[in-house]
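Structural characterization, general
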Amino acid sequence: LGLVLSGYNHKYVKVMFRGKHLRASSVLRSEGLKPHVLQPKEAMALTNGATLMLAFMALAVHDARDLLAMGTINAALGVEAIRGEMNAFDARIHEARRQVGQIEVAKQMRLLLYGSNRVTKKAQAIRFPDEKKKKGDRVQDPYSTRCMPQAHGAVADVICAAWNVVERELNAATDNPLIFENPDGTFDVLSGGNFHGDTLAVWADGLKLVMTKLASIAERRFYGLINSDQSNGLPQDLSGTRAQDNTGLMIVRYNGASRVAGSQMISFPG
């Protein structure tokens, strides 16, 4: 990109222009554009690895926030599907632990499930044909549902912290050396290490770890939906029929489990 901006005349410095791969220098000339003449320290800005890391990190945090929001909506739909227990999302439980992300996710669950007739004691008392016979009332749902605010809340906390790091870095000076003006009008040229990537890397590692955790608990909730022993009346594999040869969403769940395993392999710290 830096070579394109500066109009470097080389056969490998090309751009896609009007459907063709052309030399950047030729395109600039044909459009009457002057190549950018690099000013002091601009070359470092264009080649600094920390700058590229920041760009990827900003996009990753943006996507992570969207995925967390979708995961929470997904979890709420799952609670409705199994006629889940609302007590696990009571504000008093989460305020007792004092974790900001957990408190916020539990609040979101209460808002998403507000007014639902499927998460009431009356709905839970219904026994469907495919449901195993149970004695007494259900007290607690599986961990992947009941502990969802704790799990998603931890993800939210890391995403929030990572975003704060990105926001600071977007407004930071990361090249070297840095030049500072003194009150008397003179300048100090100081060599340092603001270009070092660990400021971002440790949070990037944390981000990929928690996103793998988000995928893992989502896969466990999905398994609970297709397993008739856990889904409180839903048909096996969500097949919509009792026919033994209908595997329903079983293969989809296999794919999800595979993706989680793959995520675990690549989410080790770099």
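Structure: see above.
The following paragraphs examine the structure supplied in this document. Everything numeric in this text was worked out from a predicted model, so none of it was measured. (Residues numbered from 1 in each chain as written. Predicted model: local features only at pLDDT ≥ 70, side-chain atom pairs only at ≥ 80, totals over all residues. Heavy atoms only, no water.)

Some words on the side chain of Thr-145
For Thr-145, the location among the structural elements is in helix 8 (residues 143–146). According to the relative accessible area criterion, Thr-145 is buried, its value standing at 9%. (Helix = DSSP H or I, 4+ residues; strand = E, 2+ residues; numbered from the N terminus. Buried < 20%, exposed > 50% of the residue type's maximum accessible area, 1.4 Å probe, protein only.)

Here we look at the packing of helix 4 (residues 49–81) against helix 9 (residues 148–170)
Think of two packed helices as two axes; the pair is described by the angle between the axes and how far apart they sit. Between helix 4 and helix 9, the shortest axis-to-axis distance is 10 Å and the interhelical angle comes to 155°. In terms of orientation, helix 4 lies roughly antiparallel with respect to helix 9. Seen along the crossing, helix 4 lies across helix 9 with a hand that is left-handed. On helix 9, the residues touching Leu-54, Met-57, Ala-58, Val-61, Ala-64, Arg-65, Leu-68, Gly-71, Thr-72 and Ala-75 of helix 4 are Met-148, His-152, Val-155, Ala-156, Ile-159, Ala-162, Trp-163, Val-166, Glu-169 and Leu-170. (Axes fitted to C-alpha atoms, helices over the stretch in contact; angles between N-to-C directions. Parallel < 35°, antiparallel > 145°, perpendicular 65-115°, else oblique. Left-handed = near helix turned anticlockwise from the far one by under 90°. Contact = heavy atoms within 4.5 Å.)

Structural notes on the pattern of salt bridges
Per the counting criterion, the structure on display carries 7 salt bridges. With a shortest N-O distance of 2.9 Å, Asp-90 and Arg-92 are connected by a salt bridge. Where Arg-253 meets Glu-219, a salt bridge forms, and the shortest distance between an N and an O atom there is 2.6 Å. Taken together, the positions of Arg-253 in helix 11 (residues 250–266) and Glu-219 in helix 10 (residues 198–226) put the pair 34 residues apart, joining distant regions of the chain. (Salt bridge = Lys/Arg side-chain N within 4 Å of Asp/Glu carboxyl O.)

Quick word on unusual backbone geometry
The linkage connecting Asn-176 with the following residue, Pro-177, adopts the cis geometry, with an omega of 0°. Counting through the fold element by element, Pro-177 comes out in the loop between helix 9 and strand 3 (178–181). Of note in the backbone geometry, Arg-83 takes a positive phi value of approximately 55° without being a glycine. Inspection of the secondary structure assignment puts Arg-83 in the loop between helix 4 and helix 5 (91–95). We note that Asp-237 has phi near 65°; this positive angle belongs to a residue other than glycine.

Quick look at the packing of aromatic side chains
Counted under the stated rule, the structure contains 0 aromatic pairs. Positioned above the aromatic ring of Trp-163, the side-chain terminus of Arg-65 is 5.4 Å from the ring centre. (Phe/Tyr/Trp six-rings, centres within 6.5 Å; stacked < 30°, edge-to-face > 60°. Lys NZ or Arg CZ within 6 Å of the ring centre and 35° of its normal.)

A word on the side chain of Asp-141
Considering the arrangement of structural elements, one finds Asp-141 in the loop between helix 7 (121–124) and helix 8. Looking at Asp-141, the relative accessible area reads 6%, which means it is buried. Within the structure, Asp-141 has its side chain in polar contact with the backbone nitrogen of Glu-85 (distance 2.6 Å). Those residues in contact with Asp-141 that sit more than four places away from it in its chain are Ile-82, Gly-84, Glu-85, Arg-146 and Asn-232. (Polar contact = N/O pair within 3.5 Å; in protein donor to acceptor, adjacent residues only side chain to side chain.)

Observations concerning the pairing of strand 1 (residues 14–17)
Taken together, the 4 bridges between strand 1 and strand 2 (residues 20–23) define a ladder with antiparallel strand orientation. Along strand 2, the bridge assignment pairs Val-15 with Leu-22. Connecting the antiparallel pair strand 1 and strand 2 is a turn made up of 2 residues, with Arg-18 showing a positive phi of about 50°. (Pairing = 2+ DSSP bridges.)

A short note on the pairing of strand 4 (residues 187–190)
Relative to strand 4, strand 3 runs antiparallel, the two sharing 4 bridges. Each residue of the ladder has a partner; that of Ile-179, found in strand 4, is Val-189. The turn joining strand 3 and strand 4, which pair antiparallel and follow one another in sequence, is formed by 5 residues; a positive phi near 90° is taken by Gly-185.

Thoughts on a positive patch on the surface
Side chains of Lys-11, Lys-14, Arg-23 and Arg-29 sit close together on the surface and give a patch of like positive charge. The class of Arg-29 is exposed, set by a relative accessible area of 58%. (Patch = residues over 30% accessible without salt bridge, like charges linked within 9 Å, V, L, I, M, F, W, Y side chains within 5 Å. Areas by Shrake-Rupley, 256 points an atom, 1.4 Å probe, with all protein chains shown as cover. Lys, Arg positive; Asp, Glu negative; His and termini not counted. Charge placed at Lys NZ, Arg CZ, Asp CG, Glu CD.)

Examining the packing of helix 6 (residues 100–112) against helix 9
Between helix 6 and helix 9, whose axes approach to 7 Å, the crossing angle comes to 125°. Classified by the angle between their axes, helix 6 and helix 9 sit oblique to one another. Crossing of helix 6 over helix 9 shows right-handed handedness. Contacts between helix 6 and helix 9 involve Val-100, Gly-101, Gln-102, Val-105, Ala-106 and Met-109 on the former and, on the latter, Met-148, Pro-149, Gln-150, His-152, Gly-153, Ala-156 and Asp-157. Of the residues contributing to the contact of helix 6 with helix 9, the split by class is 7 nonpolar, 5 polar and 1 charged. (Nonpolar A, V, L, I, M, F, W, Y, C, P; charged D, E, K, R; others polar.)

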